[in-house]
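Structure at a glance
Take a look at the letters that make up each chain.
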Amino acid sequence: MSTFKSYFTINCYAFTIITIIYSILVKAGLFTPMSVDDVFIYFLMTVSLSILIAIIDLLPIRSYALTSLIRIAGIVAVVFTIGYSFEMFSFEWRYVGPILGMILFTYFAVSALLMIRDQADARAINKQLSQRKLNTEQVRGEKHE
């Protein structure tokens, strides 16, 4: 999968998951409903986060755990910077706790979805390779007869 498509997919997954979680928290009475402006700000956040992850992925780090920690720290910084700048929430624990939970849940959910997609892509490629090998063997068998 192309690099752009991969980061675009991350953006779409993250935006969808965040929107669903936020909607659940609104129904639970923890947050106020989103306005149209809020939706655009959340989209700005997810685009910014996708760009940040793309930049972090350029770092010469081999450890998946370290990369994940750097990504999560960067995500927390971006979310709180944009959220505070646009006055979406204050730094009260009743907001900070759920937001940190949303960040962690979204990060691991997006990671899991990407792994599932990568496994599906690998299976599809292996199926194509197996089919080509089978076709090649059939053609060779016909030539030797």
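Here the structure is shown first, and the text comes after it.
Below is a short write-up of the structure. (Residues numbered from 1 in each chain as written. Predicted model: local features only at pLDDT ≥ 70, side-chain atom pairs only at ≥ 80, totals over all residues. Heavy atoms only, no water.)

Let us now look at the overall build of the chain. Helices and strands together make up the secondary structure of the chain, namely four helices and zero strands. Computed over the C-alpha atoms, the radius of gyration of the chain is 21 Å, more than 25% above the 15 Å expected from 2.2 N^0.38 for a compact globule of 145 residues. Each principal axis of the C-alpha distribution contributes one length, and for the chain these read about 80 × 35 × 20 Å. In the chain, which comprises 145 residues, the share counted as buried stands at 31%. Accessible surface, the chain as shown: approximately 10000 Å² in total, 67% of it carbon and sulfur. Within the chain, one finds 12 positive and 10 negative side-chain charges whose respective centroids are separated by 9 Å. (Helix = DSSP H or I, 4+ residues; strand = E, 2+ residues; numbered from the N terminus. Rg over C-alpha atoms; globule rule 2.2 N^0.38 Å. Buried < 20%, exposed > 50% of the residue type's maximum accessible area, 1.4 Å probe, protein only. Areas by Shrake-Rupley, 256 points an atom, 1.4 Å probe, with all protein chains shown as cover. Lys, Arg positive; Asp, Glu negative; His and termini not counted. Charge placed at Lys NZ, Arg CZ, Asp CG, Glu CD.)

For helix H3 (residues 64-85), built from 22 residues, the straight-helix expectation of 32 Å at 1.5 Å per residue is met to within 8% by its first-to-last C-alpha distance of 31 Å. Along H3, the residues classified as buried are Thr67, Ser68, Arg71, Ile72, Gly74, Ile75, Val78, Val79, Phe80, Ile82 and Gly83. Glutamate 87 occupies a position one or two residues after H3 and carries a positive phi of about 55°. (Expected span 1.5 Å × (residues − 1).)

For the rest of this paragraph, the subject is the side chain of threonine 67. Relative to the elements of secondary structure, threonine 67 occurs in helix H3. Ignoring anything within four residues of it in the chain, the contact list for threonine 67 reads Ile56, Asp57 and Ile61. (Contact = heavy atoms within 4.5 Å.)

Applying the stated rule across the entire model yields nine aromatic pairs. A ring pair is formed by phenylalanine 31 and tyrosine 95, whose centres lie 5.9 Å apart and whose planes are at 15°; its orientation type is stacked. Of this pair, phenylalanine 31 sits in the loop between helix H1 (3-27) and helix H2 (36-57) while tyrosine 95 is found in helix H4 (residues 93-144), placing the two residues 64 residues apart along the sequence. For the pair shown, phenylalanine 31 and tyrosine 95 are each scored as buried. Between tyrosine 107 and phenylalanine 108, the aromatic rings sit 5.3 Å apart at their centres with planes inclined by 85°, giving edge-to-face as the arrangement. Here tyrosine 107 falls in the buried class, since its relative accessible area comes to 6%. (Phe/Tyr/Trp six-rings, centres within 6.5 Å; stacked < 30°, edge-to-face > 60°.)

Read these as layout, nothing more, since geometry by itself doesn't imply function.
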